Amino acid sequence: MPPLEALLWDVDGTLAETERDGHRVAFNMAFTRAGLGWRWDDARYGALLHVTGGRERLLADMANRADAPAARPAREDLARTLHASKNAAYAWLVAQGRITAREGVVAVIEAAHAAGLRQAIVTTTSRVNVEALLPRLLGSRWATRFATVVCGEDVARKKPAPDAYQLALALLHLPPSRALAIEDSPPGVAAARAAGLAVARRPSHYFAGEPTPAGPLTLAALRAGFERGALS
Ligand code: XBP
Ligand code: MG
């Protein structure tokens, strides 16, 4: 294996338990604010996570609801309104300090920065959510830690398509053999692998049944796994 040159970080579920502590709670706040009796419990939200993108997730859920608007344009309008309201509620939850970094994440980002590795954010969440979360996790230095930030709006196809990873690699001028993706979910792992990347899996709350690596998240462990070719 060539030496490791870059870490490509997923956001939701990887940097923090944002789906459990942020997005699901915020979707339910948006439903209430819209006067809808809808509520996504933990099990329903976990099942809906195979649909990436919050607006797309709303549309997928509406497809199974008798009380959703029947006409496609009305559904799309409602999904857009609920999604904007959800993102506002998410920013509020972040500002309240309800979302904290997963263990080891901040230390690895700082160690990688100190070691001269390049880093990128590669997420299918909306840019507003990244811009709400990252300063809270890393302070104002966050923007100096990532050479590029690829978000859901930047690509035609969200994960599990490889587009976001391919775009990040192109912006970093790196072949996939020099970078490592860090992901929590099967769609995220599939996206990284489809872009030809090695992947360190750190399953989050909703994917606790997925294979989990032994030991804490450290830069040394990531580097060793990458260099042994032990990550897939
Ligand atoms: C996770 C997603 C997102 C979030 C919600 O992305 O699929 O849709 O659940 O964010 P990743 P939005 O793990 O790649 O960061 O509502 O902004 O889509
Ligand atoms: Mg994720």
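The coordinates are above.
Let us look at the structure shown here.

## Comments concerning the site of ligand 1
And step 1. Around ligand 1 lies a shell of 19 residues, among which Glu19, His83, Lys86, Thr123 and Ser126 are the nearest.
And step 2. His83 places a polar side-chain atom, nitrogen or oxygen, 2.6 Å from an oxygen atom of ligand 1.
And step 3. Separating an oxygen atom of ligand 1 from a side-chain N or O atom of Ser126 is a distance of 2.5 Å.
And step 4. Burial of ligand 1 by the surrounding chains reaches 97%, relative to a free accessible area of 450 Å².
And step 5. Elements supplying a minimum of two residues to the shell around ligand 1: helix 1 (18-33), helix 3 (54-62) and helix 4 (72-95).
And step 6. Each residue belonging to the shell around ligand 1 can be placed in one class, and the counts come to two nonpolar, eleven polar and six charged.
And step 7. Each of domain 1 (6-16 + 100-228) and domain 2 (19-95) contributes no fewer than three residues to the shell around ligand 1.

## Some words on the side chain of Asp10
And step 1. Mapped onto the elements, Asp10 comes out in the loop between strand 1 (6-9) and helix 1.
And step 2. Judged by relative accessible area, Asp10 falls into the buried class, the value being 6%.
And step 3. At 3.0 Å, the side chain of Asp10 forms a polar contact with the side chain of Lys159.
And step 4. Residue contacts for Asp10: discarding those within four places in its chain leaves Leu15, Val122, Thr123, Lys159, Tyr165, Ile182, Glu183 and Asp184.

## Looking at the nonpolar core
And step 1. One finds Leu7, Trp9, Leu15, Leu134 and Phe146 to be the most contacted residues of the largest nonpolar core, which totals 36 residues.
And step 2. Broken down by secondary-structure element, the contributors of at least two residues to this core are strand 1, helix 1, helix 4, helix 5 (105-114), helix 6 (127-138), strand 4 (179-183), strand 5 (198-201) and helix 10 (219-227).
And step 3. Broken down by element, the residue count for this core peaks at five residues, all from helix 6.
And step 4. Inspection of this core shows a minimum of three residues originating in each of domain 1 (6-16 + 100-228) and domain 2 (19-95).
And step 5. With residues up to four places along the chain from it excluded, the contact list for Phe146 reads Trp9, Ile109, Gln119, Ala120, Ile121, Leu134 and Leu138.
And step 6. Ranked by size, the runner-up nonpolar core spans 20 residues in total, among them Ala120, Ala168, Leu197 and Val199.

Cut-offs and rules
Residues numbered from 1 in each chain as written. Chains lettered and ligands numbered in written order. Predicted model: local features only at pLDDT ≥ 70, side-chain atom pairs only at ≥ 80, totals over all residues. Heavy atoms only, no water. Near = heavy atom within 4 Å. Polar contact = N/O pair within 3.5 Å; in protein donor to acceptor, adjacent residues only side chain to side chain. Areas by Shrake-Rupley, 256 points an atom, 1.4 Å probe, with all protein chains shown as cover. Helix = DSSP H or I, 4+ residues; strand = E, 2+ residues; numbered from the N terminus. Nonpolar A, V, L, I, M, F, W, Y, C, P; charged D, E, K, R; others polar. Domains from an automatic or database assignment. Buried < 20%, exposed > 50% of the residue type's maximum accessible area, 1.4 Å probe, protein only. Contact = heavy atoms within 4.5 Å. Core = buried A, V, L, I, M, F, W, Y, C linked by side-chain atoms within 4.5 Å.

None of the figures reported here should be taken as evidence of function without further support.
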